[in-house]
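# Coordinate inspection notes
Listed below, chain by chain, are the residues.
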Amino acid sequence: MSWASWTTAGVYTGRGGVLTVEGGVVTGDLTVHTTWTRVEREARVAVQYSGASDWFTMSGSPVPCETEEESRDLHDAVVAAVREGNRATVPTLPVPPV
C-alpha cells in the first residue's frame, strides 16, 4: 500500500489541550487523524472537534516516518499526548536501532 490512515474519535484532551497550526490551542472532545504516505515517507497529523467538519494541523506535523508500522505507533503516541494535554504537539518517536 502506498498510504495508510488511522482515525480515533472521542479523545478528550487533558488540561492545556492541543496546540494546532491554524487554531492555536484546542480542547475538549477531539478526533485524531494520522495519514502516512510511502512516497513522502512522512505522517501528517490533524485534529478536529468531534462531529465538526474543520480539521486543524497538529503542531509538529508532518513527521518523518519510514514505515506504515512506525506511523501507526506515532498515531498511538499522538492519541496519548492529546489525552495528556499540556499544549500537546506531535511527539517524536525514538529512532529504531539500525
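One structure accompanies this document, and this report is about it. (Residues numbered from 1 in each chain as written. Predicted model: local features only at pLDDT ≥ 70, side-chain atom pairs only at ≥ 80, totals over all residues. Heavy atoms only, no water.)

### With respect to helix H1 (residues 68-84)
Over its 17 residues, H1 extends 24 Å from the first C-alpha to the last, a length consistent with the 24 Å expected when each residue adds 1.5 Å. Within the span of H1, buried status applies to Glu70, Ser71, Leu74, His75, Val78, Val79, Ala81 and Val82. Residues of H1 that are buried make contact with strand S1 (3-12), strand S2 (18-20), strand S4 (29-37), strand S5 (42-49) and strand S7 (63-64). Just beyond H1, the residue with positive phi is glycine 85, at close to 80°. (Helix = DSSP H or I, 4+ residues; strand = E, 2+ residues; numbered from the N terminus. Expected span 1.5 Å × (residues − 1). Buried < 20%, exposed > 50% of the residue type's maximum accessible area, 1.4 Å probe, protein only. Contact = heavy atoms within 4.5 Å.)

### Observations regarding the environment of proline 64
Tracing the chain through its elements places proline 64 in strand S7. Classification of proline 64 as exposed rests on a relative accessible area of 64%. For the pair proline 64 and glycine 28, spaced 36 residues apart in sequence, the C-alpha separation works out to 28 Å.

### A word on the pairing of S5
With 6 of 8 residues buried, S5 is to be regarded as a mostly interior element. A loop of 4 residues connects S4 with S5, the two strands running antiparallel in sequence, and arginine 41 in this loop sits at a positive phi of about 50°. The pairing of S5 with S7 spans 2 bridges and is antiparallel. Paired with alanine 43 across the strands is valine 63, a residue of S7. Here S5 runs beside strand S6 (residues 56-57); their pairing, made up of 2 bridges, is antiparallel. Note on S6: the bridge partner recorded for valine 47 is phenylalanine 56. Hairpin remark: S5 followed by S6, antiparallel, with 6 residues in the connecting loop; positive phi at glycine 51, about 90°. (Pairing = 2+ DSSP bridges.)

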